[in-house]
Amino acid sequence: MHVLITGGAGFIGSHLAEYHLSRNDNVHVVDNLNTGSYDNIKPLLGNASFRFDEADIVTWAGLDKAVGWADRIYHMAAVVGVKKVLADPVSVMATNIAGCERVMRAMHQGGWNPQLIVASSSEVYGFNENAGFAETDAVVFHSGSRLRWCYAVTKLADESFGYAYAQKYGLNIIIARLFNTIGPRQVAQYGMVVPSFVRQAISNQPVTVYGDGTQTRSFCDVRDIVKALDLLAATPAAKGEIVNVGNDQEIAIKDLAQLVVQRAKSASPIKFLSYGEAYGVDFEDVSHRRPILNKLRALTGFEPKWTLVDTIDDLIRRERSMSKPVTETMTG
């Protein structure tokens with residue numbers, strides 16, 4: 001199979017590339033390395049079945065040819081991370097909407113209909129107060145804090161484009177609403193909570209919790225996410241559908257901080273910061289975010305394999321191995 005991954009040098013995209021190469025697929029990655037990293041794909045460059053283009057999906061001249069080559073496309077290219085979104089909302093809007101629509105237009109105009117999996121986000125549910133979010137639930141945004149929600153708006157626009165192209169042109173499009181994904185190669189730089197906590201804990205620095213920490217999230221290991229996306233793409237009944245993808249186990253952020261400190265056997269204290277202190281601007285947060293996964297399970301039979309503790313332990317081990325000082329030994 002020929003697999004095109006936009007944003008394939010990013011956190012999830014690089015895991016998708018690795019996964020498909022392990023299945024002997026041919027993989028083509030395009031990424032502008034804005035939030036992706038060359039280091040994420042560097043180990044793959046020696047594989048004859050792997051190709052990389054450093055380019056912006058909005059302007060990339062090779063898109064039509066790559067789409068015509070692909071049997072499956074994962075559209076992961078997006079500006080992500082709360083800090084990045086607040087700092088550069090114009091880039092968020094332009095890249096996330098224009099890039100996605102351009103991929104769909106290339107599919108339609110090229111006359112080739114590969115599978116397209118579009119990465120949406122649990123952010124689209126906004127301030128919905130339900131205990132868990134199902135795909136048919138209302139999306140609720142407040143009229144203020146517009147920059148806070150520009151990422152979610154772009155993902156809703158991508159979903160609408162996907163539905164429109166699927167309905168009008170019969171394109172094979174699946175929308176995956178991804179809930180909080182964690183795992184190896186995720187960076188703390190743009191406000192990702194788990195890698196931030198892990199790095200702080202193993203350094204015995206204060207673990208910084210934003211707000212009062214009672215807000216809850218549901219975390220899913222990226223290795224489970226990759227498997228779920230592959231299963232969805234291989235399921236004909238998922239064509240044209242919006243599907244939650246994640247793990248439905250929920251934890252409060254202050255409890256997550258304590259868990260990381262405990263698993264790291266760290267002396268780190270827990271430090272609470274207001275959102276203004278954390279982001280430098282007023283910030284609206286949602287109180288909970290848990291997926292209802294009935295649709296995903298019915299379509300694919302998917303169940304996560306990685307527990308939160310397993311992932312945290314793995315991340316602690318990896319972080320410690322990277323932070324160990326290099327020592328020289330002398331032999332006589």
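These figures come from a predicted structure and were not determined experimentally.

A. The arrangement of the overall build of the protein chain in detail. Helices and strands together make up the secondary structure of the protein chain, namely 12 helices and 13 strands. Computed over the C-alpha atoms, the radius of gyration of the protein chain is 20 Å, within 12% of the 20 Å expected from 2.2 N^0.38 for a compact globule of 332 residues. In terms of its C-alpha atoms, the protein chain occupies a principal-axis envelope of roughly 65 × 60 × 40 Å. Split into buried and exposed, the 332 residues of the protein chain put 54% on the buried side. Contacts in the protein chain between residues at least 24 apart in sequence constitute 80% of all its contacts with a sequence separation of at least 6. Of the side-chain charges in the protein chain, 33 are positive and 35 negative, and the distance between the mean point of each set is 3 Å.

B. Examining the sheet that holds strand E1 (residues 2-6) more closely. Spatially, E3-E2-E1-E4-E5-E6-E11 is the arrangement adopted by the 7 strands of the open sheet, whose pairing is parallel. The sheet terminates laterally at strand E3 (50-54) and strand E11 (242-245), the two strands that pair on one side only. Sheet twist, expressed as the mean angle between neighbouring strand axes with direction ignored, is 20 degrees. As paired elements, strand E4 (residues 72-75) and strand E5 (residues 115-121) share 4 bridges and run parallel to each other. Within the sheet, the bridge partner assigned to His75 lies in E5 and is Val118. Across the sheet, helix H6 (residues 150-169) touches E5, strand E6 (173-178) and E11, and the angle it forms with E6 is around 160 degrees.

C. Here's a closer look at the nonpolar core. Membership of the largest hydrophobic core comes to 36 residues, with the highest contact counts inside it found for Ile5, Phe50, Leu178, Leu229 and Val245. Of all the secondary structure elements, the ones that give two or more residues to this core are E1, helix H1 (11-22), strand E2 (26-31), E3, E5, E6, helix H8 (222-233) and E11. In this structure Phe50 touches Ala17, Leu21, Val27, Val29, Ile41, Leu44 and Leu45, once residues within four positions along its chain are discounted. In terms of nonpolar packing, the next biggest core, distinct from the first, is built from 23 residues, Ala66, Val103, Ala166 and Ile173 among them.

D. Layout of the pairing of E5. Among the 7 residues of E5, 7 are classified as buried, and the element is accordingly described as predominantly covered. Both faces of E5 are covered, namely the face carrying Gln115, Ile117, Ala119 and Ser121 and the face carrying Leu116, Val118 and Ser120.

E. Representation of the pattern of salt bridges in the model. All chains considered together, the criterion is met by 18 salt bridges. In this structure, Arg177 and Glu159 form a salt bridge, with 2.8 Å as the shortest nitrogen-oxygen distance. One end of the pair, Arg177, is in strand E6; the other, Glu159, is in helix H6, and 18 residues separate them in sequence. Summarising the burial analysis for this pair, Arg177 and Glu159 share the class buried. Where salt bridges share partners, they join Asp221, Arg223, Asp314, Arg317 and Arg318 into one cluster.

F. Structural view of the environment of Asn180. By the element assignment, Asn180 lies in the loop between E6 and strand E7 (181-182). Between the alpha carbons of Asn180 and Ser218 there is a distance of 6.2 Å; along the sequence they are 38 residues apart. When residues no more than four places from it in sequence are discounted, the contact partners of Asn180 are Ser122, Arg217, Ser218, Phe219, Cys220 and Arg289.

G. Examining the packing of helix H9 (residues 253-263) against helix H12 (residues 308-323) more closely. Closest axis-to-axis distance for the H9/H12 pair is 10 Å, and the angle between their directions is 55 degrees. Classed by the angle they form, the pair H9 and H12 counts as oblique. For H9 against H12, the interelement crossing comes out right-handed. Contact residues: H9 offers Leu256, Leu259, Val260 and Arg263, while H12 offers Leu308, Val309, Ile312, Asp313 and Ile316. Class assignment of the residues belonging to the contact of H9 with H12 gives a composition of 7 nonpolar, no polar and 2 charged.

About the criteria used
Residues numbered from 1 in each chain as written. Predicted model: local features only at pLDDT ≥ 70, side-chain atom pairs only at ≥ 80, totals over all residues. Heavy atoms only, no water. Helix = DSSP H or I, 4+ residues; strand = E, 2+ residues; numbered from the N terminus. Rg over C-alpha atoms; globule rule 2.2 N^0.38 Å. Buried < 20%, exposed > 50% of the residue type's maximum accessible area, 1.4 Å probe, protein only. Contact = heavy atoms within 4.5 Å. Lys, Arg positive; Asp, Glu negative; His and termini not counted. Charge placed at Lys NZ, Arg CZ, Asp CG, Glu CD. Pairing = 2+ DSSP bridges. Axes fitted to C-alpha atoms, helices over the stretch in contact; angles between N-to-C directions. Core = buried A, V, L, I, M, F, W, Y, C linked by side-chain atoms within 4.5 Å. Salt bridge = Lys/Arg side-chain N within 4 Å of Asp/Glu carboxyl O. Parallel < 35°, antiparallel > 145°, perpendicular 65-115°, else oblique. Left-handed = near helix turned anticlockwise from the far one by under 90°. Nonpolar A, V, L, I, M, F, W, Y, C, P; charged D, E, K, R; others polar.

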